[in-house]
2 protein chains.
Amino acid sequence: MAHISTDHEVLAAVFQVRRADLPSTDRKAALHVLLWQRALSPERGKWSLPGGRLGVDEDMTTSVRRQLAEKVDLRELAHLEQLAVFSDPDRVPRRRTIASTFLGLVPSPATPELPSDTRWHPVSDLPPMAFDHGPMVEHAHNRLVAKLSYTNIGFALAPGEFALSTLRDIYSAALGHPVDATNLQRVLERRQVITRTGTTARSGRSGGRPAALYRFTESRYRVTDEFAALRPPG
Amino acid sequence: MAHISTDHEVLAAVFQVRRADLPSTDRKAALHVLLWQRALSPERGKWSLPGGRLGVDEDMTTSVRRQLAEKVDLRELAHLEQLAVFSDPDRVPRRRTIASTFLGLVPSPATPELPSDTRWHPVSDLPPMAFDHGPMVEHAHNRLVAKLSYTNIGFALAPGEFALSTLRDIYSAALGHPVDATNLQRVLERRQVITRTGTTARSGRSGGRPAALYRFTESRYRVTDEFAALRPPG
DNA sequence: ACAAAAGTGTTAAGGGTACACCCATGT
DNA sequence: ACATGGGTGTACCCTTAACACTTTTGT
């Protein structure tokens, strides 16, 4: 059996909960993923995950961060974790390339400037994707959904301070189904994932009781409960 | 930033629940991992996970299976799944090598013949390990423990038919803490993970009621419950 | 009869969900 | 006063864990 050196690339599915970019349409918050459009063949015009080849003496995590820095402000990347490896010999043409995929998360209000070929796309409505990047996004999304239920990973999607209804919208967008703010509060408070700041927000124009503000207790990833929660209603 | 082609290896932590090999000692079943002893430098004499370099036109899964075939009878490998990638540039000397790790499971009664340099070692008492293979075993074990609680992965550790007390011993060895056979039965039956065969085992020499035999309903990996169970007592 | 092993029944505790109801603010 | 959004209380269900008790076998 012959052995060869193969290329190795890292690719990141970076998510953020955003209101739709389109001006007039439905302004509900939705989960978006960061993609760039290929200018060159192969797969010209299709959309790719950010990333690229692993450099010499580079750890994979270091490599992802370096390559993401070309697309987003790294200070806004609140979470980064390894996902699966895609190793099909024919997954891309020409040189054989193994891809290690990552999950990245950017908190909600931040809106970094993007290069002109780069854009946020709603996960529920992806453009034509290059190579095997479509399944990679799906895989990353599944992982995010799972971890929202038993870890404090939400800190990486939420602003520093937030009202519970805001947090509900974020969880709801990321999970893809409605979330009850009441129960979200209790689950996260019992697990001591969120803490009251003591301050309150001002009411909106249309009135309503002012919301208490919360923050995530820790900004470091932590498994909080082996029990899964936040599953779809029904 | 320069780019290079790096070597890529696959390594598998293959587990089996076995009684201790030692003749006279404590014959309780314990979780073991398959290791081989390095005959050559570097790290000569230390113990390694089976695996090796990825071949041309080889999928990683294909590669692991090929390389494991040199150590165990592949027909006995009931489960194989990808774990993490280890990419520290200095994780092994000489050529830079990225390692993709796998979790493999072999059912309990099977005792394949092994090459002379290869042996089952209790996970709780590992020999001096080569390179970063120690943490790899630990990582694989953690994954196994987690998945025992919310998937049917036990099928890959258990014999085709078994008494519940046997299954309890297997789960107990793999989890590293005592398991109540009563509750194990109810949890796995409710989830329809195990099914009664209708037959019963004969009693042992010392008497006792004959045990009903069970089998796993499916022999394919499946997530059975988002809820974690089988956590340590207390 | 007795010991040993297996299986059943019962209870308690914890977590999650659903939903009715009360509270505070703006118009 | 009323609408609007926020927050609390409560009741229910499901799952698991713990353990006492019964059943079936061998000696």
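Residues numbered from 1 in each chain as written. Chains lettered and ligands numbered in written order. Predicted model: local features only at pLDDT ≥ 70, side-chain atom pairs only at ≥ 80, totals over all residues. Heavy atoms only, no water.

### Remarks on the sheet that holds strand 10 (residues 212-216) of chain A
Residues and elements named next belong to chain A. The following threshold applies: Between any two strands, pairing holds if DSSP finds at least two bridges. The way it works is that DSSP assigns letters per residue, a run of H or I at least four long becomes a helix, a run of E at least two long becomes a strand, and they are numbered from the N terminus. By the convention used here, residues are in contact when the closest approach between their heavy atoms is within 4.5 Å. Axis definition: a line fitted to C-alpha atoms, limited for helices to the stretch in contact. Angles are taken between N-to-C directions and run from 0 to 180 degrees.
If you trace the three strands from one edge of the open sheet to the other, you get 8-10-9, paired in antiparallel fashion. Of all the strands in the sheet, the pair left with one neighbour each is strand 8 (162-163) and strand 9 (194-200). Relative to strand 10, strand 8 runs antiparallel, the two being bridged by two bridges. Across the sheet, residue Phe 162 finds its bridge partner in strand 10, namely Tyr 214. Of the strands in this sheet, strand 9 and strand 10 touch helix 4 (residues 181-190), which is tilted by about 115° from strand 9.

### Observations concerning the sheet that holds strand 8 (residues 162-163) of chain B
Residue and element names in this part refer to chain B. A sheet is described by the order of its strands in space; here three strands give the open sequence 8-10-9, paired in antiparallel fashion. Each of the sheet's edge strands pairs with one partner strand only, and the pair in question is strand 8 and strand 9 (194-200). The strands touched by helix 4 (residues 181-190) are strand 9 and strand 10 (212-216); relative to strand 9, the strand with the most contacts, the crossing angle is about 115°.

### Quick notes on the packing of helix 3 (residues 164-175) of chain A against helix 4 of chain A
All names here are of chain A. The condition that has to hold: When an angle is under 35 degrees it counts as roughly parallel; over 145 it counts as roughly antiparallel; between 65 and 115 it counts as roughly perpendicular; any other value is oblique.
Helix 4 packs onto helix 3 with a crossing angle of 95° between their chain directions and a minimal axis gap of 9 Å. Classified by the interaxial angle, the pair formed by helix 3 and helix 4 is roughly perpendicular. Mapping the contact onto sequence places Leu 164, Leu 167, Arg 168 and Tyr 171 in helix 3 and Ala 181, Leu 184, Gln 185 and Leu 188 in helix 4.

### Some points on the pairing of strand 1 (residues 7-19) of chain A
All names here are of chain A. Just so we agree on the cut-off: Each residue's exposure class comes from its accessible area (1.4 Å probe, protein chains only) as a fraction of the maximum for that residue type: buried when under 20%, exposed when over 50%, partly exposed otherwise.
Taking burial as the measure, the 13 residues of strand 1 include 12 buried ones, the bulk of the element. Both strand 1 and strand 6 (residues 97-105) contribute to a ladder of nine bridges, which runs parallel. The residue bridging Ala 13 from the neighbouring strand is Leu 103, located in strand 6. Judged from the three bridges that link them, strand 1 and strand 4 (residues 51-53) form a sheet pairing that is antiparallel. Across the sheet, Leu 11 pairs through a bridge with Gly 51, a residue of strand 4. Summarising the sheet, strand 1 and strand 2 (residues 29-37) pair through five bridges and their orientation is antiparallel. Looking at strand 2, one finds that Phe 15 is bridged to Val 33.

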